[in-house]
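What follows is the residue order along each chain.
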Amino acid sequence: MSERDGILPGLVRGLATTARSLTRHTHTAEYPDVSPALPPRSRGVIALTEENCTSCMLCARECPDWCIYIDSHKEELPPTTPGGRARQRNMLDRFAIDFSLCMYCGICIEVCPFDALHWSPEFEYAEVDIRDLLHERDRLGAWMATVPPPPALDPGSAVPAEVTAAAKPKRPAPAGAAPAARARPARPARTEGGGTPARPPRPRREAPTRELPVTPPVDATQVIPVTPPAPEAGPGTPDAGGPAPRLQPGEGGE
Ligand code: SF4
Ligand code: SF4
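The residue numbers shown here count from 1 along each chain, following its written sequence. Following the order in which they are written, the chains are lettered starting with A and the ligands numbered starting with 1. pLDDT decides what is reported in this predicted model: residues at 70 or higher carry local features, side-chain atom pairs at 80 or more are listed and counted, and totals for whole chains, interfaces and linings draw on all residues regardless. In computing side-chain properties, one takes all heavy atoms of the structure into account and sets aside hydrogens as well as water.

1. A word on the overall build of the chain
Part 1: Every helix listed is a DSSP run of H or I at least four residues long, and every strand listed is a run of E at least two residues long, numbered separately from the N terminus. The helix and strand inventory of the chain stands at 5 helices and 5 strands.
Part 2: The cut-offs for exposure are 20% and 50% of the maximum accessible area for each residue type, with area from a 1.4 Å probe on protein chains only; residues under the lower value are buried, those over the upper are exposed, and the others partly exposed. By residue count, 15% of the 254 residues in the chain fall in the buried class.
Part 3: In this analysis, two residues are considered to be in contact whenever any of their non-hydrogen atoms come within 4.5 Å of each other. Long-range pairs, those at least 24 residues apart, make up 70% of the contacts in the chain with a sequence separation of at least 6.
Part 4: Accessible surface is estimated by sampling points in the Shrake-Rupley manner with a 1.4 Å probe; for residues, cover comes only from the protein chains shown. In the form shown here, the chain has an accessible surface area of approximately 22500 Å², with 57% of it arising from carbon and sulfur atoms.

The following block contains the structure:
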């Protein structure tokens, strides 16, 4: 094969490949000029809804890398009803995640019982210094704006139990049933020393008055007839009464 025969076909094939590539959709994104189109459930970074967090520490305990740091304190809330008890509530002081240790396993998001942690597809949080990858609750909270809404249910899928329960009308009380709740008298407030105040004395109950039947007085002069007791009947009882005479041997028996 001559040199000329080899160059021309190769040149044509090369030009054809270039022309084909020019008309095809490119897969390379010119980042950062063009942002990549990521799937909505990408594990970019963990976002925090601070209002939902109860400082239960479940996420920090379950994190295999121990890279979640939580500080909290207890606060006493006043009772909501007169005479009710004051309640205690955990107040979040610090919530931080060290993303230089995080391995994006998602366990913290799975175990959170109050939906306080979410995946965000945001990934542009690179830092020059690795120590700056420890992000506090303000930064974690700001990422909530990038969390996509939950995906729609598949067509034909069952309605979630929470939605069904919320839409259920309340059952009417059956006729003749006792009232659901009785109004309870308010409890006396506790004294300053924490002790229970002395109860007020109960009112004394008066004994019920009953009318007893009145027996008429007995007249002493009145003669009451006394009936003699009847003699006991037996096999040897004579007609005139009294015990029967004992017979000696040879007497009677004609
Ligand atoms: S994703 Fe995994 S490693 Fe990262 S903070 Fe959550 S539990 Fe820890
Ligand atoms: S598991 Fe959820 S509610 Fe509990 S401390 Fe972690 S983020 Fe807060």
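Having seen it, we continue.
2. What about the sheet that holds strand E5 (residues 134-135)?
Part 1: A pair of strands is treated as paired once DSSP finds two or more bridges between them. The sheet built from 3 strands is open, its strands ordered E2-E3-E5 with antiparallel pairing. Only two strands of the sheet have a single neighbouring strand rather than two, namely strand E2 (68-77) and E5.

3. Points about the site of ligand 1
Part 1: Near ligand 1, the surroundings consist of Ile46, Cys63, Pro64, Asp65, Cys67, Ile68, Cys102, Met103, Tyr104, Cys105, Gly106 and Cys108.
Part 2: Taken together, the residues that form the shell around ligand 1 break down as 10 nonpolar, 1 polar and 1 charged. Nearness is judged by heavy atoms alone; a residue qualifies as near a molecule or strand once a single heavy atom is within 4 Å of it. Here the nonpolar group is Ala, Val, Leu, Ile, Met, Phe, Trp, Tyr, Cys and Pro; Asp, Glu, Lys and Arg are the charged ones; every other residue, Gly included, is treated as polar.

4. Points about the UniProt feature "binding site: [4Fe-4S] cluster 2" (unreviewed entry) in the chain
Part 1: UniProt positions are given in the numbering used here, feature names are shortened, and annotations may be inferred rather than shown by experiment. Here the UniProt feature "binding site: [4Fe-4S] cluster 2" (unreviewed entry) sits at Cys63, Cys102, Cys105 and Cys108. The greatest C-alpha distance among the annotated residues, which extend across 46 residues, is 10.5 Å, indicating that they converge on a single site.
Part 2: Accessibility expressed as a relative area gives 15% for Cys102, which makes it buried.
Part 3: Setting aside residues up to four positions removed in sequence, Cys102 forms contacts with Ile46, Asp65 and Cys67.
Part 4: By secondary structure assignment, the location of Cys108 is in helix H3 (residues 107-111).
Part 5: Discounting residues that sit within four places of it in the chain, Cys108 has contacts with Ile46, Cys59, Ile68 and Leu117.

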